[in-house]
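# A look at the structure
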Amino acid sequence: MFKSLRNKIRSIFKPDDDSNLNGHKIDFISDLPEVEKKKVLRMVEEKREKELNNHPKIAIIGKTGVGKSSTINNLFRVNLGVSHFEACTKDAEPVIISNGKGKIIIYDMPGLGEDLDKDEQHKKLYKKVLPQCDVVLWILNIADREMSSQQTHIKEISEYLENTLVICANKADILEPSEWIETQNLPSIAQEENLKKRIADIRKKLCKIIPDLEEDRIVYYSAKRKYRMNDLFRAMMDACPIKRAWVLESRMDVAEFTELVDLEILKQLKNGRKE
Ligand SMILES: Nc1nc2c(ncn2[C@@H]2O[C@H](COP(=O)(O)OP(=O)(O)OP(=O)(O)O)[C@@H](O)[C@H]2O)c(=O)[nH]1
Ligand SMILES: [Mg+2]
């Protein structure tokens, strides 16, 4: 009984979070009478329920059409509207989505760069909304070489964020040379080399403004191809404050690139052969 109780508590109060137990170390519970243990268990359950009902909040930012909605759809298997022809997402009203595992609150932030006056309003909005979010996803098109305005804005937001930012480089499938291998749903070798070069370049540029930006906080992927969505999810988990990460993980339902792989190839991949 005590071991499972201790594990349960550990899963909720992370090691650096013993403060929630009023400074007591978890091992003090073994000395408690049965009634007291039950009280602690109830307290833990309440805390767990409270955290679970405090739904994960994710902010997504990026120029129009970079694939913000597509990214969320493939991280949680939900169905936010995707715009093929014109700007779709208009404001930062939170959208509550649910995927059967629970609710997630998405702040689809307006992108910057449309108009100077609007930019000022949007920056104020960022400052208000972003610090409340568990993670902030800055989404860009990996093939887009324009970085200077993004450097300015990312610097500004990183000054008030507590390391919750992930740089998401989407549309890996369209980077030159456009040689996506449809049957395997993977980039060609030349394309993969270019993807890594682009990421190194983006990182170099962003490190000028955030010198301690960790390597795994910049992820390339393709939402459309469901490619490397897991890597993106891992980066999100790393960026999420430790005491909220388990709540985020509980809503995880990431699309797999293998869903789009030719069935014959998939069999070969599973048998350890790949032509
Ligand atoms: N080739 C390719 N296209 C993508 C990818 N991700 C999204 N798209 C396409 O890009 C277009 C815009 O996608 P959205 O997800 O609506 O982009 P958004 O950033 O939410 O757009 P707004 O809400 O209008 O700002 C759609 O046609 C998507 O199908 C990708 O990884 N590769
Ligand atoms: Mg959108």
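Our subject is the structure that appears above.
A brief look at the structure comes next.

## Observations concerning the overall build of the protein chain
- Secondary structure assignment for the protein chain yields 9 helices and 6 strands.
- When each of the 275 residues of the protein chain is scored for burial, the buried share is 31%.
- When contacts within the protein chain are restricted to residue pairs at least 6 apart in sequence, those whose partners lie at least 24 apart make up 66%.

## Structural notes on the nonpolar core
- Counting 50 residues, the largest nonpolar core has A59, V136, L137, W138 and V166 as its most contacted members.
- Not counting residues within four places of it along the chain, the set of residues in contact with V136 comprises A59, I61, L130, L161, T164 and L165.

## A few points about unusual backbone geometry
- In this structure, the amide linkage connecting E176 to the following residue, P177, adopts the cis form with an omega of -10°.
- With respect to the helices and strands, P177 occurs in the loop between β5 (165–170) and α6 (189–207).
- The backbone phi angle of N163 is positive, close to 60°, even though this residue is not glycine.
- With respect to the helices and strands, N163 occurs in the loop between α5 (148–160) and β5.
- Look at N185: it is not a glycine, yet its phi comes out positive at around 55°.
- Along the chain, N185 falls in the loop between β5 and α6.

## Brief notes about the pairing of strand β2 (residues 94–98)
- In this structure, β2 lies alongside strand β3 (residues 103–108), joined through 5 bridges in antiparallel fashion. Paired with S98 across the strands is K103, a residue of β3.
- The hairpin turn running from β2 into β3, its antiparallel successor, is 4 residues long, and G100 in that turn takes a positive phi close to 90°.

## Quick look at α6
- For α6, built from 19 residues, the straight-helix expectation of 27 Å at 1.5 Å per residue is met to within 8% by its first-to-last C-alpha distance of 27 Å.
- Listing the buried residues of α6 in full gives Q191, L195, R198, I202 and L206. In a view along the axis of α6, the buried residues occupy a sector of 65°, so they form one face of it. Away from its buried face, by an angle of more than 90 degrees, α6 presents the exposed residues I189, A190, E193, K196, K197, A200, D201 and K204.
- For α6, the secondary structure elements touched by its buried residues are α5, β5 and β6 (218–220).

## Topic: the sheet that holds β6
- As summarised here, the arrangement of the 6 strands in space is β2-β3-β1-β4-β5-β6, forming an open sheet in which the pairing is mixed. With partners counted over all chains shown, the strands left at the sheet margins are β2 and β6, one partner each. Put simply, the sheet's adjacent strands are angled 25° from each other on average, direction ignored.

## Quick look at the environment of K68
- If you trace the backbone, K68 turns up in helix α3 (residues 68–76).
- Residue classification places K68 among the buried residues on the basis of 28 C-beta atoms within 10 Å.

Thresholds, definitions, all that
- Residues numbered from 1 in each chain as written.
- Chains lettered and ligands numbered in written order.
- Predicted model: local features only at pLDDT ≥ 70, side-chain atom pairs only at ≥ 80, totals over all residues.
- Helix = DSSP H or I, 4+ residues; strand = E, 2+ residues; numbered from the N terminus.
- Buried ≥ 20, exposed ≤ 12 C-beta atoms within 10 Å, placed from the backbone.
- Contact = placed C-beta atoms within 7 Å.
- Core = buried A, V, L, I, M, F, W, Y, C linked by C-beta atoms within 7 Å.
- Pairing = 2+ DSSP bridges.
- Expected span 1.5 Å × (residues − 1).
- Arc of directions from axis to C-beta.
- Axes fitted to C-alpha atoms, helices over the stretch in contact; angles between N-to-C directions.

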